[in-house]
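The primary structure of each chain is shown beneath.
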Amino acid sequence: MLCSMAIRMKEWGMQAYPRQGVHLPANALNDWGRTGRVLGKEVADAGRGLASLAPAIAQVAHAGHSADAAAMLDEIGRETAAELMELPIRDWDYSWSQAYGPRVQEMLSQFTGEEREEARRLSEVYGARYSLEGRRNLELERVRQSRRRWQEQVESAVQRGDSEAACEWVEQGRGVFVPEGEMQQTLRSTRSRSLQNTWQQLLQQNPHDTLAAWQRPDAGKPEGEEELRSLENQMSQTRASLFSQLAEQLSAAVELGEEPDSRELERAVAAGVIPADLLKGQHPRRALETAELCNWMRRIDEHTAAEEPQLKIDIATAPIPAAQRQQLLQRVRTTANLPPGISRNASRTLWSLYRSGRFGCPGDEQAMQCLGRLQEESLQRMATRPEKETASWLEQLCHSEDDWVCFDSN
């Protein structure tokens, strides 16, 4: 054993000195201890902090559940009210309970415990609120419908022109749909609009008699300025339309060799369509003199489209033979088919030459006859030849050297 130890010791001395082992400083171990104690204290403090936050966290969670319940109840209340507004409700409370209750029960099934109880309490609050609003809206809608039906009855009577019935309906709305202070004005307006429709219907049914009645001093006319102005415009338009119709009717009759119907003329006069002077001087008839015929042709050649109805009526009722009236009306038809302004320019050119003495002394029969022949030739050229050719012909007349000399005895 000793030998062995000697050997081992000897061997130990023969070996290199062993390397130093891992060194653990004691002061570091002491720091770790302090750190652990600090960390443990902080963990403990955090635990106590979390414990103190638990009521707040619970309160937040509770508020969140309440917000969810409120949002769902708000939607349920709106949907239920909108659904009942579309139905013929007799007992609002019963209908609300039947429609609102099942929806709320389905919503409550999504909550448990205290949240469920809170949601149930909110459902009562929201139910009462939306039920009250729905009932109010339903009553307002019923009032609006009643007012609409009442207004429809008033307007229906107004459109029929039944002033009496319209005013009776207005009276039924006194103090309900029409304030007492507005009653008289509403009655006047209703009566005025009814009269307007009465006149409009009569005007469509019998325009001549209506126009005649409108001119009488005792005609019952609307009081409202707007209704009266509108009717005046319609009467004027109808009168103009009848005037144009009469012109076509009279000219067509003359061209067929018939005389104007005296009864139609009398109706037109009574309606204010034509003046009473047109009924005078129809007989005896005499042929036109040269100057008169030239003036008629001038008026025809230079008339505008707006003047045509009056021109036709004047020709048809003129106290001249039927043949001359037919001739003049034929000229009206021919000029109407010419390009605008061409007959007017030709007429003015010929009359300018006449007044300057190119056809003879103005006023002489021979000069008038020359003018009349050129008026006839001018229309024939315009109706059958190109416009440029007629213009060239007029140009030659203007530059012709065949001037007339007027010897005035005075």
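Residues numbered from 1 in each chain as written. Predicted model: local features only at pLDDT ≥ 70, side-chain atom pairs only at ≥ 80, totals over all residues. Heavy atoms only, no water.

Asks: Which residues make up the layout of surface pockets, and what values do they have?
Replies: Roughly 180 Å³ of internal volume is contained in the largest pocket. Around the largest pocket sit 14 residues that line it, and His 303, Thr 335, Ala 336, Ser 343 and Arg 344 are the ones nearest its centre. Of all the elements in the fold, those that place two or more residues in the lining of the largest pocket are helix H10 (290-302), helix H12 (322-336) and helix H13 (342-355). For the lining of the largest pocket, the per-class residue count stands at six nonpolar, five polar and three charged. (1 Å grid on protein atoms, 1.4 Å probe; cavity = no way out; pocket = protein on both sides within 12 Å on 5 of 7 lines; lining within 4 Å. Points joined across faces, edges and corners; volume = space filled by probe spheres on them. Helix = DSSP H or I, 4+ residues; strand = E, 2+ residues; numbered from the N terminus. Nonpolar A, V, L, I, M, F, W, Y, C, P; charged D, E, K, R; others polar.)

Asks: Explain the packing of helix H3 (residues 92-108) against helix H4 (residues 113-160) to me, using residue names and the numbers behind them.
Replies: Interaxial distance between H3 and H4 falls to 10 Å at its minimum, and their mutual angle equals 150 degrees. In terms of orientation, H3 and H4 fall into the roughly antiparallel class. Pair H3 / H4 crosses with right-handed handedness. Taking contact as the criterion, the partners of Trp 92, Asp 93, Trp 96, Tyr 100, Val 104, Gln 105, Met 107 and Leu 108 in H3 are, on H4, Arg 116, Ala 119, Arg 120, Ser 123, Tyr 126, Gly 127, Tyr 130, Ser 131, Gly 134, Arg 135 and Leu 138. Split by residue class, the contact of H3 with H4 holds ten nonpolar, five polar and four charged. (Axes fitted to C-alpha atoms, helices over the stretch in contact; angles between N-to-C directions. Parallel < 35°, antiparallel > 145°, perpendicular 65-115°, else oblique. Left-handed = near helix turned anticlockwise from the far one by under 90°. Contact = heavy atoms within 4.5 Å.)

Asks: Break down the pattern of salt bridges for me, with residues and values.
Replies: Tallied over the entire structure, the rule returns 24 salt bridges. Here Glu 118 makes a salt bridge to Arg 121, at a shortest N to O gap of 2.5 Å. Taken as a pair, Glu 118 and Arg 121 lie in helix H4 at a separation of three residues, close to a single helical turn. Salt-bridge contacts for Arg 129 lead to Glu 133; the nearest nitrogen and oxygen are separated by 3.6 Å. In this pair, Arg 129 and Glu 133 both sit in helix H4, four residues apart, roughly one turn of the helix. Classification of Arg 129 as partly exposed rests on a relative accessible area of 39%. Each of Glu 117, Arg 120 and Glu 124 takes part in salt bridges that share partners, so that together they form one network. (Salt bridge = Lys/Arg side-chain N within 4 Å of Asp/Glu carboxyl O. Buried < 20%, exposed > 50% of the residue type's maximum accessible area, 1.4 Å probe, protein only.)

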